[in-house]
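Below, each chain spelled out in residue letters.
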Amino acid sequence: HGELLAVGLSHEGVVEAQPAELLRDSKPPHAEPAELLYRDLETEPDLFERVAAARAGHSRELVLLTCEVRQLAMTLNLIAQLADLGIDGHLLLGRDSETCGLLQHRGRVACAWSTYLHASAQRAVALGVPVKVGPVELLWLQRHHYVGRAIGAGLNTLLLDSDVLL
């Protein structure tokens, strides 16, 4: 149990993982329409709630994870461990479209990104207000926003860091 994946990026920027059976060969118990994933959660007012509900399924349980490209190995290991425990209701909040794009061909990793707070940070900079929030800190702020929205939607939500072992 808890089989770990050896993950790396190929020369083409594609995530390679061995063994990857936990992520590639099994089917999630609740399939969401593909158009809900691998996109910006802020493109539609209720998109996050629809994605979260689809991922949680009948159990109404959602595991929210965050990740940037440098954390893909740890994050895929965590998702494999969750799958090994029978927990498929995860949603990975990627730092950006690049992060989710690297995972999209796998199909098993439910990933989306968000521009929430990006416009506010850009407006502040344009007004000359010093912004000391980097991309990773922005991702941390976003994940707390989305945990609140998931709980508000009636989902039992667990927020995990990618460096957690189960």
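Keep in mind it's a predicted model, so treat the numbers as computed, not measured.

A.B. asks: Hey, could you run me through the overall build of the chain in this one?
C.D. replies: Assigned secondary structure in the chain consists of 6 helices and 6 strands. Start at the N end of the chain and walk to the C end: the helices and strands fall as β-β-α-α-β-α-β-α-β-α-α-β. Of all 166 residues assigned to the chain, the portion counted as buried reaches 42%. Looking at the chain alone, contacts between residues at least 24 apart form 68% of all its contacts between residues at least 6 apart. Of the roughly 8,700 Å² of accessible surface on the chain, a fraction of 57% belongs to carbon and sulfur atoms.

A.B. asks: Even after reading the chapter, I still don't get the confidence of the model for the chain, so can you show me in this structure?
C.D. replies: Any segment with low pLDDT has predicted coordinates that should not be analysed in fine detail. Mean pLDDT over the chain stands at 80; residues scoring 70 or higher make up 78%. Predicted confidence in the chain is weakest over helix α1 (residues 21–24), with a mean pLDDT of 44, and strongest over strand β6 (residues 156–160), with 97. Below a pLDDT of 50 lies the segment residues 1–8, which in the model reaches 28 contacts outside its immediate sequence neighbourhood of four places, other chains included. The low-confidence segment residues 18–31 (pLDDT under 50) makes 32 contacts with residues lying over four places distant or belonging to another chain.

A.B. asks: What exactly am I supposed to notice about unusual backbone geometry here?
C.D. replies: As a rule of thumb, non-glycine residues mostly have phi less than zero, and peptide bonds are mostly trans rather than cis. With a phi angle near 60°, Y38 is a residue other than glycine that sits in the positive phi range. Following the sequence through the fold, Y38 ends up in the loop between α1 and α2 (47–56). Classification of Y38 as buried rests on a relative accessible area of 14%. Positive phi is not limited to glycine here, since R60 has a value of about 60°. Within the fold, R60 resides in the loop between α2 and β3 (61–67).

A.B. asks: Explain the side chain of S162 here, please?
C.D. replies: Note that S162 resides in the segment after β6. You can call S162 buried: its relative accessible area is 8%. Not counting chain neighbours up to four residues away, the residues in contact with S162 comprise T66, Q71, M74, T75 and L78.

A.B. asks: Sorry if this is basic, but what is going on with the side chain of Q142 here?
C.D. replies: With respect to the helices, strands and loops of the structure, Q142 is situated in helix α6 (residues 135–152). Residue classification places Q142 among the buried residues on the basis of a relative accessible area of 1%. Excluding residues that lie within four positions of it along the chain, Q142 makes contacts with L93, S114, T115, Y116, L117 and H118.

So, how was this worked out
Residues numbered from 1 in each chain as written. Predicted model: local features only at pLDDT ≥ 70, side-chain atom pairs only at ≥ 80, totals over all residues. Heavy atoms only, no water. Helix = DSSP H or I, 4+ residues; strand = E, 2+ residues; numbered from the N terminus. Buried < 20%, exposed > 50% of the residue type's maximum accessible area, 1.4 Å probe, protein only. Contact = heavy atoms within 4.5 Å. Areas by Shrake-Rupley, 256 points an atom, 1.4 Å probe, with all protein chains shown as cover. pLDDT = per-residue confidence, 0-100.

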